[in-house]
Amino acid sequence: MRSWYIEDAGGGCRAFSEVLVLVSENPYLIYQRLMPLTWNNSITFEEMARLTVVEMMIEAGASRSDYFYVCSGNIFNGLHKWLTENGYNWETTKMDGLAHDVAENAFRNQLLKAGFPADIKLEERNYREFYRTVESWIKADPTRKRFLKDIAVRRKPEQYRYLLKGNSSHTRKCAKCQKKISAFSPVVQYRCRENGKKKNRYYHPECSPYKPYKNKLEEAHFQWLGSVVSGVVLPVKKAVPCSVCGREIPPGTRAVHAGSGKRVICGHPECFKLNG
């Protein structure tokens, strides 16, 4: 069994191709590809990345008996799903070592070949500042626009930006029916940009224009004072006492949240007899 590391570089920069690498440290094997700057927009960004990595896996002779360590970045969401569906052994991990170095060096080599100043380097993984410098260099010369990525083909289709989740303590207004979305109830969140600013719209699940692409909803149904109460399971933002046992629930801990009249019920999931 071989262990493979799958990493990327350059995904946060608006210019130059993303680098995808498939690496084995023992035996020492390196495979790498550049994502195209543009392609037919019938293929999503995540699907293009998946196809590129699978191509490297075939070339490397990687098999289901091997183990894969994959970067957790969104670029590999499609690959994560494909590996699971096809019975591969894998996990996400933070990348260091050979895979990280190969990917970063390959991305930097693109810049140097294009004439980017060699004395300007990525410092202490401050990617945001470094990519801003690269983008400023592109803008300084109109002929360098050929290095820009086609953002349109990389942008997720609209329906992919709908997320089914548990509403927090806020009462929201449905963007379609304009009626109230109760606190601690299922809600569809739509992420978009308006005038360059990130915005969110919210819908009742039955009002959503699309079936949500991702589902982070964990519902809770339980008996409370003789009635069935419905809520959601969410991390608590600050320490609160459990409504059942009275013990403190630390910040960040998953807990049942529900509304019962004007009272908010919050507690350890194991303290409730949940009915699905």
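Refer to the structure presented above.
All figures in this text were calculated on a predicted structure; none of them were measured in a lab.

(A) A look at the overall build of the chain. Helices and strands together make up the secondary structure of the chain, namely five helices and 17 strands. Relative to its length of 276 residues, the chain is extended, with a C-alpha radius of gyration of 23 Å against a globular reference of 19 Å. Taking the principal axes of the C-alpha coordinates as reference, the chain spans close to 70 × 50 × 35 Å. When the 276 residues of the chain are sorted by exposure, 40% land in the buried category. Taking as baseline every contact in the chain between residues at least 6 positions apart, the subset at least 24 positions apart corresponds to 54%. When the accessible surface of the chain is summed, it comes to about 16,000 Å², and 48% of that surface belongs to carbon and sulfur atoms. Each charge sign in the chain was given a centre, from 44 positive and 28 negative side chains, and these centres are 10 Å apart.

(B) Representation of helix 1 (residues 45-60) in the model. Given a rise of 1.5 Å per residue, 16 residues ought to cover 22 Å, and the 23 Å separating the end C-alpha atoms of helix 1 matches this to within 8%. Residues of helix 1 that are buried sit in contact with strand 1 (3-9), strand 2 (19-24), strand 3 (29-34), strand 4 (67-70), helix 2 (77-85) and helix 5 (151-154). Following helix 1 by one or two positions, G61 has its phi on the positive side, about 70°.

(C) The arrangement of the packing of aromatic side chains in detail. In this structure the tally under the stated criterion is 16 aromatic pairs. With 6.0 Å between their ring centres and 85° between their planes, F116 and F130 make a pair best called edge-to-face. Of this pair, F116 sits in the loop between helix 3 (98-113) and helix 4 (127-139) while F130 sits in helix 4, and the two are 14 residues apart along the sequence. Arranged with centres 4.5 Å apart and planes meeting at 20°, the rings of Y162 and Y190 form a pair that is stacked. Of this pair, Y162 sits in strand 6 (residues 162-166) while Y190 sits in strand 9 (residues 186-194); the two residues are 28 residues apart in sequence, bridging distant segments of the chain. Here Y162 matches Y190 in class, with each residue buried. Through successive ring pairs, a cluster of aromatic residues spans F107, F116, Y127, F130, Y131 and W137. The positively charged end of R172 is found above the aromatic ring belonging to Y202, 4.1 Å away from the centroid.

(D) Summary view of the sheet that holds strand 1. The mixed open sheet is built from five strands, whose spatial order is 3-2-1-4-5. Because the sheet does not close on itself, it has two edges, and the strands there are strand 3 and strand 5 (89-92). Strand-to-strand twist of the sheet, defined as the mean angle between neighbouring strand axes without regard to direction, takes the value 20°. With four bridges joining them, strand 4 and strand 5 adopt parallel strand pairing. Across the sheet, residue V70 finds its bridge partner in strand 5, namely T92. Along the sheet, helix 2 contacts strand 1, strand 4 and strand 5; its crossing angle with strand 5, the most-contacted strand, is approximately 150°.

(E) The arrangement of the nonpolar core in detail. F16, M57 and F76 are the most contacted members of the largest nonpolar core, which has 48 residues in total. Of all the secondary-structure elements, those providing two or more residues to this core are strand 1, strand 2, helix 1, strand 4, helix 2, helix 3 and helix 4. Among the elements that take part in this core, helix 1 stands out by supplying eight residues, more than any other. Those residues in contact with F16 that sit more than four places away from it in its chain are L37, F107, Q110, L111, A114, V134, W137, I138, F147 and K149. If you look at the next biggest cluster of nonpolar residues, it comprises 15 residues, including L164, V187, V188 and Y190.

(F) The arrangement of the sheet that holds strand 13 (residues 227-235) in detail. Spatial strand order, 12-13-16-17: four strands in an open sheet with antiparallel pairing. Strands at the two margins of the open sheet, each flanked by one partner only, are strand 12 (219-224) and strand 17 (263-267). Between one strand axis and the next, the sheet turns by 35° as a mean value, whatever way the strands run. Bridge count between strand 13 and strand 16 (residues 254-260): five bridges; the pairing is antiparallel. Among the inter-strand pairings, P235 is bridged to a residue of strand 16, identified as R254.

(G) Fine view of the pairing of strand 16. Two elements, strand 16 and strand 17, share five bridges in a ladder whose sense is antiparallel. Its bridge partner lying in strand 17, G259 is registered against V264. Hairpin remark: strand 16 followed by strand 17, antiparallel, with two residues in the connecting loop; positive phi at G261, about 65°.

Basis of the calculations
- Chains are numbered independently. Their residues run from 1 in the order of the written sequence.
- Only residues with pLDDT of at least 70 are given local features in this predicted model, and only at 80 or more are side-chain atom pairs given and counted; all residues enter the totals for whole chains, interfaces and linings.
- Remark: hydrogens and water are excluded; side-chain values derive from all non-hydrogen atoms of the structure.
- Put simply, DSSP marks the helices as runs of H or I at least four residues long and the strands as runs of E at least two long, and each gets a number from the N terminus on.
- Atoms counted for the radius of gyration: C-alpha only. Globule rule: 2.2 Å times residue count to the power 0.38.
- Accessible area is worked out with a 1.4 Å probe on protein chains only. A residue is then buried under 20% of its type maximum, exposed over 50%, and partly exposed in between.
- It only takes one pair of heavy atoms within 4.5 Å for two residues to be counted as in contact.
- For the accessible areas, the method is Shrake-Rupley and the probe is 1.4 Å, while residue cover comes only from the protein chains on display.
- Charge convention: Lys and Arg are scored as positive, Asp and Glu as negative, and His as well as the terminal groups of each chain are ignored.
- Charged groups are reduced to one reference atom each: NZ for lysine, CZ for arginine, CG for aspartic acid, CD for glutamic acid.
- The span one expects for a helix is its residue count, reduced by one, times 1.5 Å.
- Centre distance within 6.5 Å is the pairing criterion for rings of Phe, Tyr and Trp, where only the six-membered ring of Trp is used; planes under 30 degrees apart are then read as stacked, over 60 as edge-to-face, and the remainder as tilted.
- Charge-over-ring placement is defined geometrically: NZ (Lys) or CZ (Arg) within 6 Å of the ring centre, and within 35 degrees of the ring normal.
- In short, DSSP must find at least two bridges between two strands for them to pair.
- In this analysis, axes come from line fits to C-alpha atoms, helices being fitted only over the stretch in contact, and the angle between any two N-to-C directions falls in the range 0 to 180 degrees.
- Residues belong to one nonpolar core when they are buried, are Ala, Val, Leu, Ile, Met, Phe, Trp, Tyr or Cys, and are joined through side-chain atoms within 4.5 Å.

Any link to function would need more than the numbers given here.
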